[in-house]
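# Remarks on the overall topology
Single-letter residue listing:
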Amino acid sequence: SFMGSDFSYDDLGARHPDKDSHKIIGTEKINGESCWIIESTPKASGETYSKTISWISQERTMGLKREFYDKKGALLKVLSVLELREIDGFLMIAHTEMKNVQKNHKTTMQFASLLINTGVKDDGFTERALMRGL
């Protein structure tokens, strides 16, 4: 898990779409937004989840909900996006919740301050500076 939360490092990272097979299994509204419901199944064995099901806003092409299924195919966790904010033209997740339905426990992440285009000095991208972050 990520820092003792209901999120895992896999949940927070970017997963390339080519690693999964995808199919649209329906449509549904979430908070008044029409969504495609997309089932994604890993192409390779040994992945963290047997499948995920995502609700993607048709209007904003943004994920609003995702279900994660364990290796046995049982529902494990549900991610819900509770608040989106547009900041300087970028759509940002400001409040989200991950509920582990098997443990009946949840973790909420809420960002009080989101800043865009604040500037990063070029020396922040040197090999030495990047190694400090490890």
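Notes on the structure follow. In this text, all values refer to a predicted model and were calculated from it rather than measured experimentally. (Residues numbered from 1 in each chain as written. Predicted model: local features only at pLDDT ≥ 70, side-chain atom pairs only at ≥ 80, totals over all residues. Heavy atoms only, no water.)

## With respect to the layout of surface pockets
Computed from the structure, the largest pocket encloses a volume of approximately 960 Å³. Forming the boundary of the largest pocket are 33 residues, of which Asp10, Asp11, Gly13, Arg15 and Arg66 lie nearest the centre. Contributing elements (two or more residues each) for the lining of the largest pocket: α1 (9–12), β1 (20–30), β2 (33–42), β3 (51–57), β4 (63–69), β5 (75–87) and β6 (90–100). Residues of the lining of the largest pocket, tallied by class, amount to 15 nonpolar, 9 polar and 9 charged. (1 Å grid on protein atoms, 1.4 Å probe; cavity = no way out; pocket = protein on both sides within 12 Å on 5 of 7 lines; lining within 4 Å. Points joined across faces, edges and corners; volume = space filled by probe spheres on them. Helix = DSSP H or I, 4+ residues; strand = E, 2+ residues; numbered from the N terminus. Nonpolar A, V, L, I, M, F, W, Y, C, P; charged D, E, K, R; others polar.)

## Section: the pattern of salt bridges
Side chains bearing opposite charge may pair, as long as their charged atoms lie close to each other. What the rule picks out here adds up to 8 salt bridges. When the shortest N-O distance is used, the salt bridge between Glu39 and Lys51 registers 3.4 Å. On the criterion of sequence distance, the pair formed by Glu39 in strand β2 and Lys51 in strand β3 is long-range, its members being 12 residues apart. By relative accessible area, which is 14% here, Glu39 ends up buried. Residues joined by salt bridges that share partners form a network here, namely Arg15, Asp20 and Glu47. (Salt bridge = Lys/Arg side-chain N within 4 Å of Asp/Glu carboxyl O. Buried < 20%, exposed > 50% of the residue type's maximum accessible area, 1.4 Å probe, protein only.)

## Examining the sheet that holds β3
Strand order in the open sheet made by the 7 strands is β1-β2-β3-β4-β5-β6-β7, with antiparallel pairing throughout. A single partner strand is all that each edge strand has here, and the edge strands are β1 and β7 (105–110). With direction set aside, neighbouring strand axes in the sheet form an average angle of 20 degrees. Where β2 and β3 come together, 6 bridges link them in antiparallel fashion. Opposite Ser40, over in β3, you have Thr52 as the bridge partner. (Pairing = 2+ DSSP bridges. Axes fitted to C-alpha atoms, helices over the stretch in contact; angles between N-to-C directions.)

## Regarding the pairing of β1
By the bridge criterion, 10 bridges tie β1 to β2 in an arrangement that is antiparallel. Counted as the bridge partner of Ile30 is Glu33 from β2. Linking β1 to β2, which pair antiparallel, is a turn of 2 residues; within it Asn31 sits at a positive phi near 50 degrees.

## Looking at the nonpolar core
If you look at the biggest cluster of nonpolar residues, it comprises 10 residues: Ile30, Cys35, Ile37, Ile53, Trp55, Met62, Leu64, Tyr69, Val81 and Leu84. Those elements that provide at least two residues to this core are β2, β3, β4 and β5. Formed by 6 residues, the second largest nonpolar core is a distinct cluster that contains Phe7, Tyr49, Leu76 and Met98. (Core = buried A, V, L, I, M, F, W, Y, C linked by side-chain atoms within 4.5 Å.)

## Structural notes on unusual backbone geometry
One non-glycine residue, Thr61, lies in positive phi territory at about 45 degrees. By secondary structure assignment, the location of Thr61 is in the loop between β3 and β4. The phi dihedral of Asn117 falls on the positive side, at around 50 degrees, and the residue is not glycine. When you line up the elements, Asn117 lands in the loop between β7 and α2 (127–132). When its relative accessible area of 68% is taken as the criterion, Asn117 is described as exposed.

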